[in-house]
Amino acid sequence: MVDTLKLRGKMVEKNVSVEYLAEKLCVDKSTLYRRLERKGETFTIKEANIITTELKLTKEEAVAIFFA
């Protein structure tokens, strides 16, 4: 399960908006909001890689977020 609290924290820390990240993931911002609110939807490996790149996460940070 994705640790959405950590993910949101990193988004704030890196000043990355939901709208910007949704655009990079090629999804509607409402889809990303649902995923961040733990509504049962999850991220694909490709999306996790895009998020990791856009937020400039270390390997340890990515593992802590996506494999919590």
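Keep in mind it's a predicted model, so treat the numbers as computed, not measured.

1. Here's the deal with the overall build of the protein
Check the secondary structure of the protein and you find 5 helices and 0 strands. Along the chain direction, N to C, the helices and strands of the protein fall in the order α-α-α-α-α. In terms of overall dimensions, the protein is globule-like: its C-alpha atoms have a radius of gyration of 11 Å, near the 11 Å expected for 68 residues. Counting all 68 residues of the protein, 37% fall into the buried class. The contacts of the protein with a sequence gap of at least 6 include a subset with a gap of at least 24, amounting to 56%. Accessible surface, the protein as shown: approximately 4500 Å² in total, 56% of it carbon and sulfur.

2. Details of the packing of aromatic side chains
What the rule picks out here adds up to 1 aromatic pair. Relative to phenylalanine 66, the ring of phenylalanine 43 has its centre 6.2 Å away and its plane inclined at 85°; by these criteria the two rings are edge-to-face. Taken together, the residues span a long stretch of sequence, with phenylalanine 43 in the loop between helix H3 (29–36) and helix H4 (45–54) and phenylalanine 66 in helix H5 (residues 59–66) at a distance of 23 residues. By relative accessible area, phenylalanine 43 is classed as buried at 10%. Take phenylalanine 66: its relative accessible area is 12%, and that puts it in the buried class.

3. A word on helix H1 (residues 4–13)
Thr4, Leu7, Lys10 and Met11 are the residues of H1 that are buried. All buried residues of H1 fall inside an arc of 120° around its axis, so they share one side. Away from its buried face by more than 90 degrees, H1 exposes Leu5, Val12 and Glu13. Considering only its buried residues, H1 is in contact with helix H2 (18–25), H3, H4 and H5. Among the residues of H1, the N-terminal cap falls to aspartate 3, whose side-chain oxygen and the backbone nitrogen of leucine 5 are separated by 3.3 Å.

4. A closer look at unusual backbone geometry
A positive phi angle is found at cysteine 26, which is not glycine, with a value near 60°. Mapped onto the elements of the fold, cysteine 26 is located in the loop between H2 and H3. At lysine 56, a position not held by glycine, the phi torsion is positive, near 55°. Assignment of secondary structure puts lysine 56 in the loop between H4 and H5.

Cut-offs and rules
- Residues numbered from 1 in each chain as written.
- Predicted model: local features only at pLDDT ≥ 70, side-chain atom pairs only at ≥ 80, totals over all residues.
- Heavy atoms only, no water.
- Helix = DSSP H or I, 4+ residues; strand = E, 2+ residues; numbered from the N terminus.
- Rg over C-alpha atoms; globule rule 2.2 N^0.38 Å.
- Buried < 20%, exposed > 50% of the residue type's maximum accessible area, 1.4 Å probe, protein only.
- Contact = heavy atoms within 4.5 Å.
- Areas by Shrake-Rupley, 256 points an atom, 1.4 Å probe, with all protein chains shown as cover.
- Phe/Tyr/Trp six-rings, centres within 6.5 Å; stacked < 30°, edge-to-face > 60°.
- Arc of directions from axis to C-beta.
- Polar contact = N/O pair within 3.5 Å; in protein donor to acceptor, adjacent residues only side chain to side chain.

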